[in-house]
Amino acid sequence: MKRVGMVIHVKPEKLAEYKKLHAEPWPGVLETLRKHHVHNYVIYQHADLLFGHLEYDGDDFAADMAEIAKDPVTQEWWKLTDPCQSPLATRKDGEWWAEMEEVFYMA
């Protein structure tokens with residue numbers, strides 16, 4: 001299993017909207033995530049930062065993420081959530097959320 005931690009800024013003026021969207025996530029978005037081996041996905045907020053963590057139990061993370069990105073329902077969801085976010089300047093090329101290095105894990 002792969003564990004993924006990621007971080008992004010949330011625009012302060014969009015925080016309430018972002019929280020409202022995630023209080024009632026679209027079933028189609030959740031279904032697509034599950035179909036592509038994403039589980040135990042959680043997003044935390046502190047000040048202007050969002051921290052996401054998910055578990056992936058598939059065989060090809062990059063391929064599954066590409067399939068999620070092609071999903072029309074997910075693309076419509078992102079049209080609502082992306083304007084609420086501001087990527088970190090330190091993210092890698094091609095990243096929206098900056099993936100974080102895992103430095104500790106306790107099972």
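About the cut-offs
Residues numbered from 1 in each chain as written. Predicted model: local features only at pLDDT ≥ 70, side-chain atom pairs only at ≥ 80, totals over all residues. Heavy atoms only, no water. Helix = DSSP H or I, 4+ residues; strand = E, 2+ residues; numbered from the N terminus. Rg over C-alpha atoms; globule rule 2.2 N^0.38 Å. Buried < 20%, exposed > 50% of the residue type's maximum accessible area, 1.4 Å probe, protein only. Contact = heavy atoms within 4.5 Å. Areas by Shrake-Rupley, 256 points an atom, 1.4 Å probe, with all protein chains shown as cover. Lys, Arg positive; Asp, Glu negative; His and termini not counted. Charge placed at Lys NZ, Arg CZ, Asp CG, Glu CD. Axes fitted to C-alpha atoms, helices over the stretch in contact; angles between N-to-C directions. Parallel < 35°, antiparallel > 145°, perpendicular 65-115°, else oblique. Left-handed = near helix turned anticlockwise from the far one by under 90°. Nonpolar A, V, L, I, M, F, W, Y, C, P; charged D, E, K, R; others polar. Phe/Tyr/Trp six-rings, centres within 6.5 Å; stacked < 30°, edge-to-face > 60°. Lys NZ or Arg CZ within 6 Å of the ring centre and 35° of its normal.

### Focus: the overall build of the chain
Counting its secondary structure elements, the chain contains 4 helices and 5 strands. Along the chain, helices (α) and strands (β) appear in the sequence β-α-α-β-β-α-α-β-β when read from the amino end. For the chain, whose C-alpha radius of gyration is 14 Å, the value lies close to the compact-globule estimate of 13 Å for 107 residues. Taken over the C-alpha atoms alone, the chain extends approximately 40 × 35 × 30 Å along its principal axes. Within the chain, the proportion of its 107 residues that are buried is 30%. In the chain, 74% of the contacts between residues at least 6 apart in sequence involve partners at least 24 apart. For the chain, the accessible surface area stands at approximately 7,300 Å², while carbon and sulfur atoms represent 56% of it. Of the charged side chains in the chain, 12 are positive and 19 negative; the average position of the first set lies 4 Å away from that of the second.

### A few points about the packing of helix 2 (residues 27–35) against helix 4 (residues 72–81)
Two elements in contact, helix 2 and helix 4, have axes whose closest approach is 9 Å; the angle formed by their N-to-C orientations is 120 degrees. In terms of orientation, helix 2 and helix 4 fall into the oblique class. Once helix 2 is placed against helix 4, the crossing between them reads as left-handed. Contacts between helix 2 and helix 4 involve G28, V29 and T32 from the former and V73, T74 and W77 from the latter. Across the contact of helix 2 with helix 4, the residue classes tally to 3 nonpolar, 3 polar and no charged.

### Regarding the packing of aromatic side chains
All chains considered together, the criterion is met by 3 aromatic pairs. A ring pair is formed by Y44 and F51, whose centres lie 6.1 Å apart and whose planes are at 20 degrees; its orientation type is stacked. Residue F51 is classed as partly exposed on the basis of its relative accessible area, which comes to 29%. Between Y56 and F61, the aromatic rings sit 5.1 Å apart at their centres with planes inclined by 80 degrees, giving edge-to-face as the arrangement. Classification of Y56 by relative accessible area gives buried; the value is 3%. Positioned above the aromatic ring of F61, the side-chain terminus of K2 is 5.1 Å from the ring centre. The positively charged end of R3 is found above the aromatic ring belonging to Y105, 3.4 Å away from the centroid.

No statement about biological role is implied by the geometric values presented.
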